[in-house]
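# Working through the structure, step by step
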Amino acid sequence: MTCFSEITSMNFSLYGQWMGLVSVVLLIVLGIVGFLGHVVFSIVGWVIALLVAFVEIPFCTRLCPTSPKFDSFLSYFENSWFRAIMYIVFAVVMFLSNLLGASSLIACGVTLLLSGLCYMAAAAMGQSFASSKFLGGTGVDNVV
């Protein structure tokens, strides 16, 4: 399986996963950039980035020792509907940072929202959940 086959698979859960990873990078980088302007939302963004990384990258749960309680919490997010809700809630939290003043954290909210919409589309279309092989997941081969 190549990256091109994942892109052309039209599986929106893969698109949501990749948008989620873009969100992780933006949450970390823009949280550092905007730390002095929005201390609380920057820290909240880092926590969201950590949660999204564990949810989206199956390889993280193999590398980092986690408790059975945390593993059972992560198992809820094997469903696209739950992931969509999680991302939309995270997006709303990041959009709330703009109540304190415009900042670059809005980009994090937009990417989180796009990821949530991708997962919502996957769930609405009845697509099976798939995760990218590049990140330690199953890929599209098991779904198609």
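The sections below set out a description of the structure shown in this document.

Attention shifts here to the overall build of the chain. Along the backbone of the chain there are seven helices and zero strands. The linear arrangement of helices and strands in the chain, starting from the amino end, is α-α-α-α-α-α-α. Counting all 144 residues of the chain, 40% fall into the buried class. Sequence separation of 24 or more characterises 69% of the internal contacts of the chain that already satisfy a separation of 6 or more. A total of about 7500 Å² of accessible surface is found on the chain, and carbon and sulfur atoms cover 77% of it.

Within the largest apolar cluster, 21 residues are counted, with the highest numbers of intra-cluster contacts made by Leu 27, Ile 48, Met 94 and Leu 112. At the level of elements, helix 2 (12-33), helix 3 (39-56), helix 6 (80-96) and helix 7 (105-124) are the ones that each hand at least two residues to this core. Sequence-distant contacts of Leu 112, that is, excluding residues within four places in its chain, are made with Ser 23, Leu 27, Ile 48, Tyr 87, Phe 90, Ala 91 and Met 94.

Time to look at the packing of aromatic side chains. The geometry of two aromatic rings is summed up by the distance between their centres and the angle between their planes. Applying the stated criterion across every chain, the model contains three aromatic pairs. On the numbers, 5.5 Å between centres and 10° between planes, the contact of Phe 35 with Trp 46 is stacked. Pair noted here: Phe 35 is in the loop between helix 2 and helix 3 and Trp 46 is in helix 3, with a separation of eleven residues, a long-range link. Judged by relative accessible area, Phe 35 falls into the partly exposed class, the value being 29%. A centroid spacing of 5.7 Å and a plane angle of 15° characterise the contact between Tyr 87 and Tyr 119, whose relative ring orientation is stacked. Taken together, the positions of Tyr 87 in helix 6 and Tyr 119 in helix 7 put the pair 32 residues apart, joining distant regions of the chain. The burial state of Tyr 87 is the same as that of Tyr 119; both residues are buried.

On the secondary structure map, Arg 83 appears in helix 6. At 2.9 Å, the side chain of Arg 83 and the side chain of Glu 56 are in polar contact. Among all residues touching Arg 83, those that are not within four sequence positions of it are Val 55, Glu 56, Phe 77, Glu 78, Tyr 119 and Phe 129.

Conventions we followed
- Position labels on residues start from 1 in each chain and follow its written sequence.
- Totals for whole chains, interfaces and linings use all residues, but because this is a predicted model, local features are given only for residues with pLDDT of at least 70 and pairs of side-chain atoms are given and counted only at 80 or more.
- With hydrogens and water set aside, each side-chain value is computed from the structure's full complement of heavy atoms.
- Put simply, DSSP marks the helices as runs of H or I at least four residues long and the strands as runs of E at least two long, and each gets a number from the N terminus on.
- Relative accessibility thresholds used throughout: buried, under 20% of the residue-type maximum; exposed, over 50%; partly exposed, between the two (1.4 Å probe, protein chains only).
- When checking whether two residues touch, look at their non-hydrogen atoms; a contact exists if any pair is within 4.5 Å.
- Residue-level accessible areas treat just the shown protein chains as cover; the underlying method is Shrake-Rupley with a 1.4 Å probe.
- In these notes, a set of buried Ala, Val, Leu, Ile, Met, Phe, Trp, Tyr and Cys residues joined through side-chain atoms within 4.5 Å is what counts as a nonpolar core.
- Centre distance within 6.5 Å is the pairing criterion for rings of Phe, Tyr and Trp, where only the six-membered ring of Trp is used; planes under 30 degrees apart are then read as stacked, over 60 as edge-to-face, and the remainder as tilted.
- What qualifies as a polar contact is a pair of N or O atoms within 3.5 Å, subject to a donor-acceptor requirement within protein and to the restriction that residues adjacent in sequence count only when both atoms come from side chains.

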